Amino acid sequence: MPILEKEKPKGHGHSQVLPKLPVPPLKQTLDTYLKCVQHLVKEEQFKKTKAVVEKFGAPGGTGEFLQKKLLERRDKTSNWVYDYWLEDMYLNNRLALPVNSNPVMVFPKQTFRDFKDTLRFAAHLITGVLEYKALIDARALPVDYARGQLAGTPLCMEQYYRLFTSCRLPGLKRDTLKVQMKAASSEPEHIIVAFKNQFFVLEVVANNKQLKEMDILSHLEKIVKMAENFEERFPPVGLLTSDGRTEWAQARDLLTKDPTNRQSLALIDSCLCVVCLDESSGLEPSDTNRALMMLHGGGHEKNGANRWYDKPMQFVVGMDGICGVVCEHSPFEGIVLVQCSEYLMKYTTGSPSKLARSSSNTELPPPRRLLWKCNPHIQGLLAASADRLQRLVSNLDMDAYKFKVYGKEFIKKQKMSPDAFIQVALQLAFYRCNGRLVSTYESASIRRFQEGRVDNIRSATPEALAFVKFMTDEKATLTDSEKMKRLWDAINAQTNSTIAAITGMGIDNHLLGLREIAKYLNMEKPEIFSDETYLASNQFILSTSQVPTTVEMFCCYGPVVPIGYGVCYNPQADHIIFCVSSFRESTETSSAVFVKALEEGLLEIRDLCSRSSAAASKLNDRKTGK
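Since we're looking at a predicted model, the values are computed, not measured.

### Side note on the overall build of the chain
Of regular secondary structure, the chain possesses 18 helices and 19 strands. Its C-alpha atoms give the chain a radius of gyration of 25 Å, within 12% of the compact-globule value 25 Å for 626 residues. Dimensions of the chain, computed from the C-alpha atoms along their principal axes, are close to 75 × 65 × 55 Å. When contacts within the chain are restricted to residue pairs at least 6 apart in sequence, those whose partners lie at least 24 apart make up 76%. With the model as given, the accessible surface of the chain reaches about 25800 Å², and the carbon-plus-sulfur share is 53%. Taken together, the 80 basic and 73 acidic charged side chains of the chain have centroids lying 3 Å from each other.

In structure tokens, the structure reads:
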């Protein structure tokens, strides 16, 4: 995802009116689609697909009719694809949120002297969250401006306003993203604290008064004492949120039959965020283990039940110093998570704790435990959820890897885009492992437009295939200059795809819009959308995203298909952090094997660039007579 920088807004709030997302020309999208898939499918299959696409795009045909309807929809809405995209990407998905959908931000390991120190850090972090939310409420956040390709464009800020005001609710067939409109500033606000799989309400704002940091600390200490009381403990209801969405919807329906449960659920749904006080995981706090603890908490035997996966922001503070944020992804993108996380990291390290110098504010009520009524049926569902989470924990194969040989500075010296360079290296790694390329997803921000979220950069280009074949063909006697030409072709193709996607000319959202508007009009599904090639092209075996940070932390997530890889990368000046995930149950994937191939490829491409630079410099010396 192209990166961004902060600038002070001109005037109050986000005053610029952003353009609406365009609907790309139909012929352009269909031509690009064919180019994207031709080299990834068998020749016979492509011939069939080409005929289907040509029929769809024929003058006076179905495609033209649906395109006209999409253009009408654009006129009537602020963003013609937003609802379609949200449902397709998230709300219709029935998979469990942990690993499959929720990304996480892994903070640097903290060093806590004792448990009280852990609570001090949590209290300071909560104070930082309240400060950040106050900035959002006052619309005082500086406007984001794009960096990288087409730098300097202002970006839509709407996603920030959903950070602390939304909750995803499970549905039998489709989830709902519930966003609370800003109430009066005098309305009370609360957070939920999870400890030992119990949930507690902590009121933090009432009558325009915010709980002071020392009071937050004393309330956290009370929560810990309350949680230690074994007789009052309730079953680990948070486990239900880790299950498949339909299973959780069924369980939630059962829970809501009791008014006590309804009240507890309402308090969780409406909280600003969840703060999870985790017990020590007993694991070596390596990057990989810290990533795993954020993604699934180690299952019900460790901290996996000490969560409420439906909430967009869950701050995890572990007694062993393993800390970070678990995100429900439907309200916002990774870059918004980065901006919030960086603010909080800077706050916790740079802003002095206000424990000693603040007077107490005892007007707010003490914390209270959420109560649950669980019959034997619900107890059985909890046991089933625990088993399924444990299977997910055992299945996830994660490798958080720091490539230390070079970073984005070396790539920039080659006059290449770091993002395009890394994407080509990922294609080389996949080809080396599998002898083929597959449909690849790289998220591309379309926040240049009103309510813009993302489109897809399809990185498995014909030019990338030509380059990786050149690099892996041991029989061919190819010169470095031929290889460099292929590398530049691949980099340029990737850059052009990126520019198309971020300017609203990507193909994935457009095809999705055409498919969904046909469904809305109760038309028979056009053949292009049931074609084998289309279905395969939307199975993203390689799902990637650039999530750069300016503070020491990294983001990661799981694969999006059972035989796939999830690759999140964070390019720094002199190193690149990669988080590669796959599933152990797949015989076609191995995170360690992929990481090894990726390292080899990055070194090979560096050597190729270095040899080419040396040869060019030598040639130049000869010409100038040095």
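### Remarks on the packing of aromatic side chains
How two aromatic rings sit relative to each other is set out by the distance from centre to centre and by the angle between their planes. As enumerated under the stated definition, the model contains 18 aromatic pairs in all. Ring geometry for Tyr-441 versus Phe-540: centroids 5.4 Å apart, planes at 65 degrees, classification edge-to-face. Taken as a pair, Tyr-441 in strand 14 (residues 440-445) and Phe-540 in the loop between helix 17 (532-537) and strand 16 (542-546) lie far apart in primary sequence, 99 residues in all. Across this residue pair, the class does not change: Tyr-441 and Phe-540 are buried. Considering the side-chain rings of Tyr-569 and Phe-578, the 6.3 Å spacing of their centres and the 40 degrees angle between planes classify their relative orientation as tilted. We note that Tyr-569, like Phe-578, is buried. Three or more aromatic residues link up through ring pairs in this structure, and these residues are Tyr-33, Phe-56, Phe-529 and Tyr-534. Positioned over the ring face of Tyr-84 is Arg-73, at 4.0 Å from the centre of the ring. We note Arg-139 situated over the ring of Tyr-161; from NZ or CZ to the ring centre the distance is 3.6 Å.

### Overview of a nonpolar patch on the surface
A cluster of nonpolar residues, Phe-65, Tyr-520 and Leu-521, forms a patch on the protein surface that exposes about 320 Å² of accessible area. Relative to the helices and strands, Leu-521 resides in the loop between helix 16 (508-520) and helix 17. Look at Leu-521 and you get partly exposed, because its relative accessible area is 32%.

### A word on the pairing of strand 5 (residues 176-179)
Pairing between strand 4 (residues 166-169) and strand 5: four bridges, direction antiparallel. Note on strand 5: the bridge partner recorded for Cys-167 is Lys-178. If you look at the hairpin formed by strand 4 and strand 5, you'll find six residues sitting between the two strands.

### Some words on the pattern of salt bridges
Within the structure shown, the criterion is met by 38 salt bridges. In this structure, Glu-44 engages Lys-47 in a salt bridge whose closest nitrogen and oxygen atoms are separated by 3.7 Å. With Glu-44 and Lys-47 both in helix 2 (residues 43-57) and three residues apart, the pair spans about one turn of that helix. With a relative accessible area of 58%, Glu-44 lands in the exposed category. Salt-bridge contacts for Arg-120 lead to Asp-117; the nearest nitrogen and oxygen are separated by 3.4 Å. Taken together, the residues Arg-120 and Asp-117, both in helix 5 (residues 115-137) and three residues apart, mark about one turn of the helix. Judged by its relative accessible area of 11%, Asp-117 falls in the buried class. One continuous salt-bridge network, built from bridges that share partners, spans Arg-94, Arg-168, Asp-175, Arg-245, Asp-310 and Glu-328.

### Notes on the pairing of strand 10 (residues 313-318)
Most of strand 10 sits inside the fold, with six of its six residues counted as buried. Side chains of strand 10 alternate between two faces, with Met-313, Phe-315 and Val-317 and Gln-314, Val-316 and Gly-318 buried alike. Where strand 9 (residues 274-278) and strand 10 come together, five bridges link them in parallel fashion. Opposite Leu-277, over in strand 10, you have Val-317 as the bridge partner.

### Overview of the packing of helix 3 (residues 62-76) against helix 16
The geometry of helix 3 relative to helix 16 is characterised by a closest axis approach of 9 Å and an angle of 95 degrees between their N-to-C directions. On the basis of their axis angle, the class for helix 3 and helix 16 is roughly perpendicular. In this structure, helix 3 contributes Gly-63, Leu-66, Gln-67, Lys-69, Leu-70 and Arg-73 to the contact, and helix 16 contributes His-510, Gly-513, Leu-514, Ile-517 and Ala-518.

### With respect to unusual backbone geometry
Phi is positive for Lys-196, close to 55 degrees, though the residue is something other than glycine. With respect to the helices, strands and loops of the structure, Lys-196 is situated in the loop between strand 6 (189-195) and strand 7 (198-206). Phi at Glu-451 is positive, roughly 55 degrees, even though this residue is not glycine. Within the secondary structure, Glu-451 sits in the loop between strand 14 and strand 15 (454-457). Owing to a relative accessible area of 32%, Glu-451 belongs among the partly exposed residues under this scheme.

### Considerations on the state of the cysteines
Applying the stated criterion across every chain yields a total of zero disulfides. Take Cys-374: it sits in no disulfide, and the sulfur closest to it among the cysteines is that of Cys-167, at 18 Å. A disulfide-free cysteine, Cys-555 has its sulfur positioned 4.1 Å from the sulfur of Cys-568, the nearest such atom.

### So, the side chain of Lys-133
Mapping Lys-133 onto the fold places it in helix 5. Here Asp-137 takes part through its side chain, which lies 2.6 Å from a polar atom of the side chain of Lys-133. Other than its neighbours up to four places away in sequence, Lys-133 contacts Phe-164, Glu-189 and Leu-272.

Conventions we followed
Numbers given to residues run from 1 along each chain, matching the order in which its sequence is written. Local features in a predicted model are, by the rule used here, given only for residues with pLDDT of at least 70; side-chain atom pairs are given and counted only at 80 or more, and totals for whole chains, interfaces and linings are based on all residues. To get the side-chain values, take all heavy atoms of the structure and skip hydrogens and water. Counting from the N terminus, the helices are the DSSP runs of H or I reaching at least four residues and the strands are the DSSP runs of E reaching at least two. Only C-alpha atoms enter the radius of gyration, while the globule expectation follows 2.2 Å times N to the 0.38, with N the number of residues. Any pair of residues with heavy atoms lying within 4.5 Å of one another is described as a contacting pair. Each accessible area value is a Shrake-Rupley result obtained with a 1.4 Å probe; residue values ignore everything except the protein chains displayed when judging cover. Under the convention used here, Asp and Glu are negative, Lys and Arg are positive, and both His and the chain ends fall outside the count. For charged residues, the charge sits on one atom: NZ in Lys, CZ in Arg, CG in Asp, CD in Glu. Between the rings of Phe, Tyr and Trp (Trp by its six-membered ring), a pair exists once the centres lie within 6.5 Å; its type follows the angle of the planes, with under 30 degrees stacked, over 60 edge-to-face, and the other angles tilted. Relative accessible area decides the class of each residue, using a 1.4 Å probe on protein chains only: under 20% of the type maximum gives buried, over 50% gives exposed, and in between gives partly exposed. In this analysis the charged atom, NZ for Lys or CZ for Arg, is taken to sit over a ring once it is within 6 Å of the ring centre and within 35 degrees of the ring normal. Think of a patch as exposed residues, more than 30% relative accessible area, with no salt bridge, where like charges cluster within 9 Å and nonpolar side chains (Val, Leu, Ile, Met, Phe, Trp, Tyr) cluster within 5 Å. By salt bridge we mean one thing: a side-chain nitrogen of Lys or Arg within 4 Å of a carboxyl oxygen of Asp or Glu. When DSSP locates at least two bridges between a pair of strands, those strands are taken to pair. Axes here mean lines fitted to C-alpha atoms, for a helix over just the part in contact, with angles spanning 0 to 180 degrees between N-to-C directions. Oblique is the label for any angle not covered by the other classes, which are roughly parallel (under 35 degrees), roughly antiparallel (over 145) and roughly perpendicular (65 to 115). Here, a disulfide means two cysteine sulfur atoms that sit within 2.5 Å of each other. Nitrogen and oxygen atoms within 3.5 Å of one another constitute a polar contact, given that in protein one can donate a hydrogen and the other can accept it, and given that sequence-neighbouring residues count only through two side-chain atoms.

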